[in-house]
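Chain and residue survey
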Amino acid sequence: DTEVTQTPKHLVMGMTNKKSLKCEQHMGHRAMYWYKQKAKKPPELMFVYSYEKLSINESVPSRFSPECPNSSLLNLHLHALQPEDSALYLCASSQDFTPLRSSYEQYFGPGTRLTVT
Amino acid sequence: AQSVAQPEDQVNVAEGNPLTVKCTYSVSGNPYLFWYVQYPNRGLQFLLKYITGDNLVKGSYGFEAEFNKSQTSFHLKKPSALVSDSALYFCAVRAYILTGGGNKLTFGTGTQLKVEL
């Protein structure tokens, strides 16, 4: 099973709202990722978690707050977003460093289409 | 810094004809290269990867890719295109995050493939 699930599929929120995006995988992957993607553009990396610890924050504004409660779950908490934050938010997971194996590909969820009004 | 380039924004092919989507890379050390496909309003799907070994890599849905070290290229190919192959294709290169773990994918700008009857 190479499935990454994301909820909700669509989200419309006002600039004063607080909401959360959720991501789940059961592949035993210990690295999880959040990406932001605008239409027809490549995904932009936001955060990387490795073994439930934050590994990379790509200078993302503090109105985006990631959380990794356990090895299968990844959340993205949203607060006071701007209209320019409207995008497709993708979650992905992969093996972490495995010197004897080569399964480094990331598996992506279907995304959450976020609209900020 | 590692990077990949996709020189064509769009590729048009007639159904049944062979297709090629181009990708060139710039890395220090051994490259870890990937191809992903994205259908409208969906997440990215992993197609294939090159880690080491044979220069011709076979992947999902009849796609294959040819790794050429002298030309620093990793072109995606399919012998006979289908209308259903029409989608956005991304080439990516992977780097391990030494400081905190996880894998960083750097994507190309994407190539829109259009297969017509």
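Shown above is the structure to which this text applies.
The structure contained in this document is the topic of the report that follows. Since the structure is predicted, the reported quantities are computational estimates derived from the model, not experimental observations. (Residues numbered from 1 in each chain as written. Chains lettered and ligands numbered in written order. Predicted model: local features only at pLDDT ≥ 70, side-chain atom pairs only at ≥ 80, totals over all residues. Heavy atoms only, no water.)

A word on the state of the cysteines
For the record, the criterion: To count as a disulfide, a pair of cysteine sulfur atoms needs to be within 2.5 Å. Per the convention used, a helix needs a DSSP run of H or I reaching at least four residues, while a strand needs a run of E reaching at least two, with both numbered from the N terminus. The rule is simple: take the accessible area with a 1.4 Å probe, protein chains only, and divide by the maximum for that residue type; under 20% is buried, over 50% is exposed, in between is partly exposed.
The final tally for this structure, using the stated rule, is two disulfides over all chains. In this model, A:Cys23 is linked to A:Cys91 through a disulfide, with the two sulfur atoms separated by 1.8 Å. The sign of the -70° torsion about the S-S bond sets the A:Cys23-A:Cys91 disulfide as left-handed. Of the two residues, A:Cys23 is situated in strand β3 (residues 18–25) and A:Cys91 in strand β9 (residues 87–94); the sequence distance between them amounts to 68 residues. Classification of A:Cys23 by relative accessible area gives buried; the value is 1%. One disulfide in the model links B:Cys23 with B:Cys91; its S-S distance is 2.0 Å. On the sign convention where negative means left-handed, the S-S torsion of about -60° between B:Cys23 and B:Cys91 marks this disulfide as left-handed. Taken together, the residues span a long stretch of sequence, with B:Cys23 in the loop between β3 (19–21) and β4 (24–26) and B:Cys91 in strand β10 (residues 87–96) at a distance of 68 residues. Looking at B:Cys23, the relative accessible area reads 0%, which means it is buried. The class for B:Cys91 is buried, based on a relative accessible area of 0%. Looking at A:Cys68, it has no disulfide partner, and the nearest cysteine sulfur is the one in A:Cys91, 9.2 Å off.

Details of unusual backbone geometry
Residues and elements named next belong to chain A. Pro8 follows Thr7 through a cis peptide bond whose omega is -5°. If you trace the backbone, Pro8 turns up in the loop between β1 (4–7) and β2 (10–13). Even without being a glycine, Tyr51 presents a positive backbone phi close to 50°. Topologically, Tyr51 is positioned in the loop between β5 (44–50) and β6 (53–57).

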